[in-house]
Amino acid sequence: MSRLYDETQDFVPDPHYNGDYASCSVNRQSCNGLMKRQTVSYTQDHYARPHTQVASTHSFAMEGRRSTRHRPHVDAILRACLAEFLADYATTFLSVYIDDELSIRHIPWLQKISLMAITDAMAATLFIAALKTVHFHPAVTLAHLFSLTTSWFQCLFIIIIQLIAATTANLTITPMRADGLPPYITVNSDINMEWTKAIYKLMFSQFFGTVLVVVAHLMSYSTSRKSTVRIGHLTENPCSLFMAITLSSFLSLLQSTSHWNSLQATSVSLLRSFSRRATEPFHEQYIFWLGPFIGSLLACFLFRLLSPPNDVRQSSNPGYCDDASDSI
């Protein structure tokens, strides 16, 4: 029985069988539609490195895992940077364009700054609600950095992109203006008021407005620390952001020609620095940045003191296990 089984296993179906059922013998190559298996001989080279094929397959699998593991992080960073550029470009372009149009139509000053403040808030809230990750202002990005809602390298990318977007918007609107580049940002000072007092009033207005905007931002944004990249996302209703940006822009326009975002002053000075008529284009730029940065740090401290982020509250729970790779 064992011999018959072994002999049967040596045969496979013959596709060229013509139906001649003759007596079979194990020595024949074909028998009753079955063809004897061909003996496969392996050379010594085949057994030289038996792990070669498995190792190469394993290496390709490891490379695929590495590429797919880092791809979501890169996509998230690029998507957030692109959203920041589009939002900053559009809001800066709209603010300069509306300012020029209202000036041409000789709108009264109080009505003009009120309309500009509301327009700034509408445009900013629109992009915040649609894109979820935009900051607009370097002071807001700085607050997200210290509140641990966004990774430090992502904050650096966002600040650079904010400056590039504002500069590009001011450069794009130049052909639409009769005077060329937008004018320098100036401080509104009365004849009977000292220059130093006007600067203090502007700094305090921007300081107070930045505190409102940053607190509203941090209260409306949250992040997850389960990956190596942290990017804050809008999770609450942006109505508080709309009101905060409206008040911040209105307070700043009361004391200067600058909106709530101080990037306008820096981007215009940067563009005008390439002109031959430029004389100290970056002079007194600290006036437009000192108040927002101090307000951002204070607002971040108050937020961390009164309402810590979700990841800090979760990490304080005994059953919460944070990812060890989340150290960026």
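Residues numbered from 1 in each chain as written. Predicted model: local features only at pLDDT ≥ 70, side-chain atom pairs only at ≥ 80, totals over all residues. Heavy atoms only, no water.

Quick look at the overall build of the chain
- A tally of regular secondary structure across the chain gives ten helices and five strands.
- Within the span of the chain, comprising 328 residues, buried residues form 39% of the whole.
- The long-range share in the chain, meaning contacts at least 24 apart out of those at least 6 apart in sequence, stands at 72%.
- Carbon and sulfur atoms form 63% of the exposed surface of the chain, whose accessible area is close to 19500 Å². (Helix = DSSP H or I, 4+ residues; strand = E, 2+ residues; numbered from the N terminus. Buried < 20%, exposed > 50% of the residue type's maximum accessible area, 1.4 Å probe, protein only. Contact = heavy atoms within 4.5 Å. Areas by Shrake-Rupley, 256 points an atom, 1.4 Å probe, with all protein chains shown as cover.)

A closer look at unusual backbone geometry
- The residue K132 is not glycine, and still its phi comes out positive at about 75°.
- With respect to the element layout, K132 can be found in the loop between helix 3 (109–131) and helix 4 (138–146).
- Of the residues examined, K132 reaches a relative accessible area of 35% and is grouped as partly exposed.

Quick word on the confidence of the model for the chain
- Residues at a pLDDT of 70 or more form 67% of the chain, whose mean pLDDT is 75.
- Here residues 1–8 is a poorly scored stretch, pLDDT under 50, and it has one contact once near neighbours within four places are set aside; other chains count.
- Counting contacts from residues 312–328, a segment whose pLDDT is below 50, to residues more than four positions away or on other chains yields 19 contacts. (pLDDT = per-residue confidence, 0-100.)

What to know about the packing of helix 3 against helix 7 (residues 239–255)
- Following both chains from N to C, one finds helix 3 and helix 7 inclined at 145°, their axes separated by 8 Å at the closest point. Handedness of the helix 3/helix 7 crossing: right-handed.
- Broken down by class, the residue content of the contact of helix 3 with helix 7 amounts to 16 nonpolar, four polar and one charged. (Axes fitted to C-alpha atoms, helices over the stretch in contact; angles between N-to-C directions. Left-handed = near helix turned anticlockwise from the far one by under 90°. Nonpolar A, V, L, I, M, F, W, Y, C, P; charged D, E, K, R; others polar.)

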